[in-house]
Amino acid sequence: MGRLKERFQAFVNNRWLVFVAAMWIQSCAGVGYIFGSISPVIKSSLNYNQRQLSKLGVAKDLGDSVGFLAGSLSDRLPLWGALLVGAFQNLIGYGWVWLIVTGRAPVLPLWAMCILIFVGNNGETYFNTAALVSCVQNFPKSRGPVVGILKGFAGLSGAILTQIYTMINFPDQASLIFMIAVGPAMVVIALMFIIRPVGGHRQVRPSDGLSFTFIYSVCLLLAAYLMGVMLLEDLVSVSHTLVTIFTVILFFLLVTPIIVPIALSFSEEPKDPAEEVLLSKSEQQEAGIPEQSDQEHEVIFSEVEDEKPVEVDLLPASERQKRIAQLQAELFQAAAKGAVRVKRKRGPHRGEDFTLMQALIKADFWLIFFSLLLGSGSGLTVIDNLGQMSQSLGYDNTHISVSMISIWNFLGRVGGGYFSEIIVRDHAYPRPVSMAVAQLVMAVGHVFFAMGWPGAMYIGTLLIGLGYGAHWAIVPAAASELFGLKKFGALYNFLTLANPAGSLVFSGVIASSIYDHEAEKQAHQHHIQLQMSGLLFSGFYGQDEVLKCEGSVCFFLTSMIMSGFCVIAAVLSMILVYRTKTVYANLYGKSRT
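Residues numbered from 1 in each chain as written. Predicted model: local features only at pLDDT ≥ 70, side-chain atom pairs only at ≥ 80, totals over all residues. Heavy atoms only, no water.

Under an unreviewed UniProt entry, the name given to the chain is Protein NUCLEAR FUSION DEFECTIVE 4-like, and the source organism is Gossypium australe. For the chain, the Subcellular location (unreviewed entry) comment in UniProt is given as "Membrane". (UniProt positions renumbered as here; feature names shortened; annotations may be inferred.)

Trainee: Outline the overall build of the chain, listing residues and values.
Mentor: Each helix and strand counted, the chain has 26 helices and zero strands in total. Expressed as a percentage of the 593 residues in the chain, the buried residues total 54%. Contacts spanning at least 24 positions in sequence make up 84% of the contacts within the chain whose residues lie at least 6 apart. Here the chain displays about 25800 Å² of accessible surface, and carbon together with sulfur accounts for 65% of that area. (Helix = DSSP H or I, 4+ residues; strand = E, 2+ residues; numbered from the N terminus. Buried < 20%, exposed > 50% of the residue type's maximum accessible area, 1.4 Å probe, protein only. Contact = heavy atoms within 4.5 Å. Areas by Shrake-Rupley, 256 points an atom, 1.4 Å probe, with all protein chains shown as cover.)

Trainee: Lay out the environment of Ile-407 in plain terms, naming residues and giving numbers.
Mentor: Inspection of the secondary structure puts Ile-407 in helix α19 (residues 398-427). Not counting residues within four places of it along the chain, the set of residues in contact with Ile-407 comprises Leu-156, Ala-159, Ala-223, Leu-226, Met-227 and Met-230.

Trainee: Mind laying out the pattern of salt bridges, listing which residues take part and the relevant values?
Mentor: Scanning all chains against the criterion turns up four salt bridges. For Glu-481, the salt bridge identified is with Arg-431, shortest N-O distance 2.5 Å. You can see Glu-481 sitting in helix α21 (residues 456-483) and its partner Arg-431 sitting in the loop between α19 and α20 (432-451), a full 50 residues away along the chain. The burial state of Glu-481 is the same as that of Arg-431; both residues are buried. Two residues, Lys-521 and Glu-518, come together in a salt bridge whose shortest N-O distance is 3.9 Å. On the criterion of helical spacing, the pair formed by Lys-521 and Glu-518 is a turn pair, its members being three residues apart in helix α23 (residues 498-533). (Salt bridge = Lys/Arg side-chain N within 4 Å of Asp/Glu carboxyl O.)

Trainee: So what about the confidence of the model for the chain? Which residues, and what values?
Mentor: A low pLDDT score tells you not to read the predicted coordinates there in detail. Residues of the chain with pLDDT of at least 70 account for 79%, and the chain-wide mean is 79. Contacts of residues 272-307 to residues separated by more than four positions or lying in other chains number 59 contacts, the stretch itself having pLDDT below 50. (pLDDT = per-residue confidence, 0-100.)

Trainee: Give a description of a nonpolar patch on the surface that names residues and reports values.
Mentor: A cluster of nonpolar side chains, contributed by Leu-232, Leu-235, Val-236, Leu-242, Ile-245 and Ile-249, occupies part of the molecular surface with about 490 Å² of accessible area. For the nonpolar patch, the secondary-structure elements that each account for two or more residues are α10 (208-235) and α11 (240-255). Here the nonpolar patch takes three residues from α11, the largest share from any one element. (Patch = residues over 30% accessible without salt bridge, like charges linked within 9 Å, V, L, I, M, F, W, Y side chains within 5 Å.)

Trainee: Describe the side chain of His-446, and please don't skip the residues or the numbers.
Mentor: Considering the arrangement of structural elements, one finds His-446 in helix α20. Among the residues examined, His-446 registers a relative accessible area of 0% and is labelled buried. Side chain to side chain, His-446 and Ser-378 meet in a polar contact 3.3 Å long. Sequence-distant contacts of His-446, that is, excluding residues within four places in its chain, are made with Ser-378, Gly-379, Val-382, Ile-464, Ser-559, Met-562, Ser-563 and Cys-566. (Polar contact = N/O pair within 3.5 Å; in protein donor to acceptor, adjacent residues only side chain to side chain.)

Trainee: Run through the packing of aromatic side chains, naming residues and quoting values.
Mentor: Within the structure shown, the criterion is met by 23 aromatic pairs. Each ring, one from Trp-16 and one from Phe-139, has its centre 4.9 Å from the other, and the planes form 75 degrees; the classification is edge-to-face. Note that Trp-16 is positioned in helix α2 (residues 15-26) and Phe-139 in the loop between α7 (110-138) and α8 (143-168), a separation of 123 residues in sequence. An identical accessibility class is assigned to Trp-16 and Phe-139; each is buried. Residues Phe-365 and Phe-483 carry aromatic rings whose centres are separated by 5.5 Å and whose planes lie at 80 degrees to one another, so their mutual orientation is edge-to-face. Residue Phe-365 is located in helix α17 (residues 363-384), and its partner Phe-483 is located in helix α21; the two are separated by 118 residues in the primary sequence. Considered together, Phe-365 and Phe-483 belong to a single accessibility category, that of buried residues. (Phe/Tyr/Trp six-rings, centres within 6.5 Å; stacked < 30°, edge-to-face > 60°.)

Trainee: Run through unusual backbone geometry, naming residues and quoting values.
Mentor: Most peptide bonds take the trans configuration, and most residues that are not glycine carry a negative phi. The phi angle at Asn-47 is positive, at roughly 55 degrees, despite the residue not being glycine. Within the secondary structure layout, Asn-47 lies in the loop between α3 (35-46) and α4 (50-65). Residue Ala-428 is not a glycine yet carries a positive backbone phi of 55 degrees. Residue position: Ala-428 is located in the loop between α19 and α20. Residue Ala-428 is classed as buried on the basis of its relative accessible area, which comes to 9%.

Trainee: Could you give an account of the nonpolar core, naming the residues involved and the relevant values?
Mentor: If you look at the biggest cluster of nonpolar residues, it comprises 143 residues, and the most contacted ones within it are Phe-19, Ile-42, Leu-56, Ile-149, Leu-150 and Ile-177. Mapped onto the domain boundaries, this core takes at least three residues apiece from domain 1 (14-202) and domain 2 (351-531 + 548-592). (Core = buried A, V, L, I, M, F, W, Y, C linked by side-chain atoms within 4.5 Å. Domains from an automatic or database assignment.)

Trainee: Explain α2 to me, using residue names and the numbers behind them.
Mentor: Relative to the 16 Å expected for 12 residues at 1.5 Å per residue, α2 spans 16 Å between its end C-alpha atoms, a close match to the ideal helical length. A large share of α2 lies buried, amounting to 11 of its 12 residues. Turning to α2, its buried residues are Arg-15, Trp-16, Leu-17, Val-18, Phe-19, Val-20, Ala-21, Ala-22, Met-23, Ile-25 and Gln-26. The N-capping residue of α2, defined by a side-chain oxygen 2.7 Å from the backbone nitrogen of Trp-16, is Asn-14. (Expected span 1.5 Å × (residues − 1).)

Trainee: Kindly report on the environment of Trp-472, identifying the contributing residues and their values.
Mentor: Looking at the secondary structure, you find Trp-472 in helix α21. Take Trp-472: its relative accessible area is 5%, and that puts it in the buried class. Separated by 321 residues in the primary sequence, Trp-472 and Lys-151 place their C-alpha atoms 6.9 Å from one another. Apart from the residues lying within four places of it in its own chain, the contact partners of Trp-472 are Val-147, Lys-151, Leu-372, Ser-376, Arg-413, Tyr-492, Thr-496 and Asn-499.

Trainee: Help me get a handle on the environment of Ile-561, residues and values and all.
Mentor: If you trace the backbone, Ile-561 turns up in helix α25 (residues 553-579). A residue is classified by how much of its surface remains accessible, and Ile-561, at 27% relative accessible area, is partly exposed. The spacing of Ile-561 and Ile-510 is 51 residues in sequence and 9.0 Å in space, taken between C-alpha atoms.

Here is the structure:
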């Protein structure tokens, strides 16, 4: 009995259990990505035009991105307290919207509806903060894969919630709003005490590689399964019984990762964290854990950066490292003899710990911000307007498009973290190059949406979803490498403001204005045709019909503009690559030599 108790205690304190629980929370934390499915029912029940609906979309994006309060409360409250606050906000915000849409509560002005959407979606920031903080501390050596997987499940949540909604078979679309108000809150409350840093989190275990491989395999299988199910439900009339079976299999796949902590806890002898092998010196460097002597070398390294000749940067990586090491040794000897006086410059250098105010005066930080604004902002515009884009191109089932872009968003995040890690670990090349590739992929996706070719929705959601998702695995890792981890929460939350800022410009101004203009033009032409045929009577043509746009022309100009901005974003990313080559060579070059 005592042995079983030890095993169970090891299971409860297993960091992989925390990671799996965080994955489950993230799988229902991306309710903002399902806005494209709930926006048509909000628009029709409250008689909104596209511009008013876009304002709700911007409020949703602000709620999803403004995480300063979540970050502050997470420092002052236990993580379960922050999760509880997020669940309460999610329930109140979307619950009230559901009451209004279904006529159970009085209709509020547009600004009040924006506040409710903001409050409801802001709950996501608490879920994200608690999940990322706990898991990054538990897996310091695997920040890229951990962030990619967790952010990936947040992107996949739209497809998961849509499939559950299809199984429940609610009588009206407004019930989807009720589900996203209640569902995430229930899951978070059930798991909130598991999400925490656990003992021994600065240690590495031989089983980590195999465990991550298993998790990646489950992720790929889950994405492939959901894609197959969504396509089948879109192309073939599927019975409700079959839909229920599909959803049960989905739940099984979501639960499968629990095998990892169970196997590690019950198949191995439990050890006290203090007894386990700590990271080796090289592994500590890879994990970003400073050695005791790092502070002693930090000043000298900064001086080397200032004193080295320009031609050193042009040498091959191995030669450059030798030359820098030689300069550093000479500075050490000179400093020891008193020949030179090493004086640290004001402010940190790239790769050191920055505060937010110190980062705000750096060109690299603003290159990341504006590249993210143009790239992810255009992708978020597609996600927010996907319901109207599907309808304008003649696709009746908008839920399928929302689910598909969620799946590709998920794979983009997982793949972005994985491949960008290969770039920096194996080649010591700047991580932002992978962001430039993602932005060029998005530029092509926008062109498909603009042209409205046959199958454009499928190819467009594939390219936009992959590119948009990759941003949210690459940017956090790149920011931590260039500006440190000490104030990472504040830095990351500021960078996420680029998302709603881009959506405000692209969706709130450009997309909505062009859509309403084209809708009014089509309404006017239809009005003239009815007059010429003598079929126009008083009251025959209503407001709802006036504001409906059909055809690729509805989003043609918007998509082409966003495609151009994605190309500009890729250029900004490549400028950042050029500026940070030396930093990444210093960070990762040693691990390759």
